[in-house]
Amino acid sequence: MGELEAEKHAEYILFIEKKKDEFEALVIEHLRLNGAYWGLTTLDLLHKIGAVDQEEVVSWVMKCQDKDSGGFGGNIGHDPHLLYTLSAVQVLALLNRFDVLDIEKVSNYVARLQNEDGSFSGDMWGEVDNRFSYCAICCLSLLGCLNMINVEKAVNFIASCKNLDGGFGSIPGGESHAGQIFCCVGALAITGCLHHVDKDLLGWWLCERQCKDGGLSGRPEKLSDVCYSWWVLSSLIMIDRVHWIDKQKLTRFILNCQDKENGGISDRPDHAVDVFHTYFGVAGLSLMEYPVVKSIDPAYALPVDVVNRIFFGK
Amino acid sequence: MSSSSDDEGDRIPFSARPEWSDIRPLPQDDGPNPVAPIAYRDDFRETMDYFRAVYVADERSRRALDLTTEAVRMNPGNYTVWQFRRLVLESLNVDLHGERDFVDKIALQNSKNYQIWHHRRWLSQKLGPEAANNELEFTKQILALDAKNYHAWSHRQWVLQSLGGWENEFRFCCELLEDDSFNNSAWNQRYFVVTRSPLLGGLQAMRDSEVRYTAEAILANPHNESPWRYLRGLYKDNTDQLISDNQVSELCLKVLKANSSYLFALSLLLDLLCYGFQPLEELCTAVKALRNSEPGTADSNLATTVCLILETMDPIRSNYWSWRRSNLPGQVC
């Protein structure tokens, strides 16, 4: 197992696009803004964000904004969507550059996507999913504009997605899934509405997700995967039940998924690495207070010092 | 759909197609100094360059539709292409049944792609209730390949609630659970049907038969987490009924005495005790028998004993069980 190869992971992120073969690069072209968020947050957690030309990043991010609606697309010239708008806001938060943002315009875009029942659509085409409730609430909170939406209705919609096992699905009736649980618990934490969560019941469901190999899975009878080190763990922290899992075993599982030669973290041991799982692995270790890694905020998915700067001006 | 062959060797570049000669392709603007330059594959780059040109010109034509077909085949995750495709379909007023055949093919190869499922929903909405059976059949096909595909389940629930088709849904859940009793998605769907189907009479009416069904599933596989949770769900918000229904405590007893995997039985018994359940002597004896095989558990009340056994047999969650032990209600047996 050994230690976290922090240097190698940082190098992997910095040179990721060069290493990718052509096909892999083109299939992620449309979600490059998500990729930028995963990569930059990982670098910051590893104290390496200084290695990036921040001006270049900021100017590219701003080119992904759709000037008419105020929302951001996954790349320059792409249609705006809440998923990318949150990534854009998170990247600018990371770099302390809200000054380049027309906050009112972005917040208006987000607020307009709220539906009558309190839910959020991801874009003008209307797909509804709790993921978008989280994106909207996280984004507006970071921008200090939560008052632009009907928070009570948003919270009630999320609460209506609670299942018999204490978990949450994407819409009312949808199966509990750790990724959806993160979104719902995160949104409820940000809005101060965690009283809607049955913490003991959900906490037990979440800690049942720890498999024999130490890793966490997203649903019963599914294999463990490094990405759930983030979704499950952050949820457990937000509801104050993280001590119910075996952190040592989980740490070992994540460290076993490292490519120790070329950097990067994969979904499971000996699989191919990618930037998505590298982020989730490092973020998971951060939640478990692994030495050297900066702490990450479980609700905003940003380093704690960034969140403190935004909300407490320090 | 000219020149959109799946065999990439036969592909004719747009620059060599006469019907596209009036279009000037528009390359992706990656900014002056791209943060991370991307090396695009040539045919993909060309297709996207032509796509950008018709997209910016907002050209809603037959050839634009064909172009999005090619672009979607190359990268079904590109969501701007799908959005534009919908605009073109709406403008051209084409027969959407053909569109469904196209989406069927793409979706079978990319069954976890958000854009495709969203497009499907848009399409079904346009087609209305007549689409219900087709959509249920299609999701069934996807679920036959991956019984836990979250997108397929979400789509299926949406179809049932928006377009109807509840008639066979309960039987469908039974079939899936017969195939694999560990399929948590199917248990979730069963709960969805029992609580929401307009044809079954609701949770109250179904409870008795559902408890019997679930108990059988548990006895066949006592280590299966899903039916244990389903069983609790059947008594949602009604703990009095949960502790007074003999079926439940008898089930725990049977599993404990069967000497098989009894973790979930103990866990449910613990909940029952915490809700005020008064166990019969036989159940206490069964637990004590387990305790004897777990040395080091002190002589104490039944709930404490249950917790101590769980702490030992489920070490990865021992902190959870010891928390339960230290938080037992005052009057617990």
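Given the structure is predicted, the values throughout are model-derived calculations rather than measurements.

Caption draft 1: Fine view of the overall build of chain A. For chain A, the count of helices and strands is 15 helices and zero strands. Here the C-alpha radius of gyration of chain A, 19 Å, is about what a compact globule of 314 residues would show, namely 20 Å. Counting only C-alpha atoms, chain A reaches 50 × 45 × 40 Å along its principal axes. Out of the 314 residues belonging to chain A, those deemed buried represent 65%. Considering only contacts in chain A between residues 6 or more positions apart, those separated by 24 or more positions represent 67%. For chain A, the exposed surface amounts to about 11100 Å²; the carbon and sulfur share of it is 51%. Charge separation in chain A, taken as the distance between the mean sites of 28 positive and 43 negative side-chain charges, equals 3 Å.

Caption draft 2: Spatial organisation of the confidence of the model for chain B. Residues and elements named next belong to chain B. Mean pLDDT over chain B works out to 89, with 91% of the residues at or above the 70 mark. Within the model, pLDDT remains below 50 along residues 32–37, and this stretch shows 12 contacts once partners closer than five positions in the same chain are excluded. The complex model carries a pTM of 0.89, and its ipTM stands at 0.88.

Caption draft 3: Main features of helix 7 (residues 150–163) of chain B. Between its terminal C-alpha atoms helix 7 of chain B stretches 19 Å, which fits the 20 Å expected from 14 residues at 1.5 Å a residue. Most of helix 7 of chain B sits out of view: 12 of its 14 residues are buried. Those residues of helix 7 of chain B that are buried are in contact with helix 10 (178–190) of chain A together with helix 5 (114–127), helix 6 (132–145), helix 8 (169–179) and helix 9 (184–196) of chain B. The opening residue of helix 7 of chain B, the one whose side-chain oxygen lies 2.9 Å from the backbone nitrogen of His151(B), is Asn149(B). Immediately downstream of helix 7 of chain B, the backbone of Gly164(B) shows phi near 95 degrees, a positive value.

Caption draft 4: Spatial organisation of the pattern of salt bridges. Residue and element names in this part refer to chain A. Using the criterion set out here, one finds 32 salt bridges over all chains in the structure. Of the charged contacts in the structure, one is a salt bridge between Asp-305 and Lys-294, with a shortest N-O distance of 2.8 Å. Residue Asp-305 is located in helix 15 (residues 304–312), and its partner Lys-294 is located in the loop between helix 14 (275–287) and helix 15; the two are separated by 11 residues in the primary sequence. Connected via shared salt-bridge partners are Asp-44, Lys-294 and Asp-305.

The rules we used
- Residues numbered from 1 in each chain as written.
- Chains lettered and ligands numbered in written order.
- Predicted model: local features only at pLDDT ≥ 70, side-chain atom pairs only at ≥ 80, totals over all residues.
- Heavy atoms only, no water.
- Helix = DSSP H or I, 4+ residues; strand = E, 2+ residues; numbered from the N terminus.
- Rg over C-alpha atoms; globule rule 2.2 N^0.38 Å.
- Buried < 20%, exposed > 50% of the residue type's maximum accessible area, 1.4 Å probe, protein only.
- Contact = heavy atoms within 4.5 Å.
- Areas by Shrake-Rupley, 256 points an atom, 1.4 Å probe, with all protein chains shown as cover.
- Lys, Arg positive; Asp, Glu negative; His and termini not counted.
- Charge placed at Lys NZ, Arg CZ, Asp CG, Glu CD.
- pLDDT = per-residue confidence, 0-100.
- Expected span 1.5 Å × (residues − 1).
- Polar contact = N/O pair within 3.5 Å; in protein donor to acceptor, adjacent residues only side chain to side chain.
- Salt bridge = Lys/Arg side-chain N within 4 Å of Asp/Glu carboxyl O.

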